[in-house]
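In case you want the letters, here they are:
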Amino acid sequence: MTTEHLYFITFCVGNLSEALHKSESQVYGALRSSGVLTDYIIPCYDVLHTFSKEYIVEDLTEALRERGALA
């Protein structure tokens, strides 16, 4: 994992936290436990980081829902 990956993960967690009205630790935990972090965000970083904040938040929210990490 690179520094760029860490910055992007921080960006994703912060923006998802705001959009979902959950704490950063809750969002990070959901991303980790669902596998979205290691199976999607990190491997797809090269493409994902080129999209808008709104698209990323929507996409990750859907990924968390599909994996049952959001109620």
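Thresholds applied
- Residues numbered from 1 in each chain as written.
- Predicted model: local features only at pLDDT ≥ 70, side-chain atom pairs only at ≥ 80, totals over all residues.
- Heavy atoms only, no water.
- Helix = DSSP H or I, 4+ residues; strand = E, 2+ residues; numbered from the N terminus.
- Salt bridge = Lys/Arg side-chain N within 4 Å of Asp/Glu carboxyl O.
- Buried < 20%, exposed > 50% of the residue type's maximum accessible area, 1.4 Å probe, protein only.
- Contact = heavy atoms within 4.5 Å.
- Axes fitted to C-alpha atoms, helices over the stretch in contact; angles between N-to-C directions.
- Left-handed = near helix turned anticlockwise from the far one by under 90°.
- Nonpolar A, V, L, I, M, F, W, Y, C, P; charged D, E, K, R; others polar.

K.L.:
Explain unusual backbone geometry residue by residue, including any values.
P.N.:
Phi at His21 is positive, roughly 55°, even though this residue is not glycine. By the element assignment, His21 lies in the loop between helix H1 (3–20) and helix H2 (24–34).

K.L.:
Go over the pattern of salt bridges with me, naming the residues and quoting the values.
P.N.:
Under the definition given, this model contains one salt bridge. A salt bridge links Asp39 to Arg67, with the shortest nitrogen-to-oxygen separation between them at 3.7 Å. Taken together, the positions of Asp39 in helix H3 (residues 36–41) and Arg67 in the segment after helix H5 (53–66) put the pair 28 residues apart, joining distant regions of the chain.

K.L.:
Outline the environment of Lys22, listing residues and values.
P.N.:
Residue placement: Lys22 occurs in the loop between H1 and H2. Residue Lys22 is classed as partly exposed on the basis of its relative accessible area of 35%. Residues Lys22 and Glu66 lie 44 residues apart in sequence; the distance between their C-alpha atoms is 18 Å. In contact with Lys22, other than residues within four places in its own chain, are Ser17, Val27 and Leu70.

K.L.:
Explain the packing of H1 against H2 residue by residue, including any values.
P.N.:
Across the interface, H1 lies against H2 with an axial gap of 9 Å and an inter-helix angle of 120°. Judged by the sense of rotation from one axis to the other, the crossing of H1 with H2 is right-handed. Between H1, through Ile9, Val13, Leu16 and Ser17, and H2, the contact on the second element is made entirely by Glu24, Val27, Tyr28 and Leu31. Here the residues of the contact of H1 with H2 are counted per class, giving six nonpolar, one polar and one charged.

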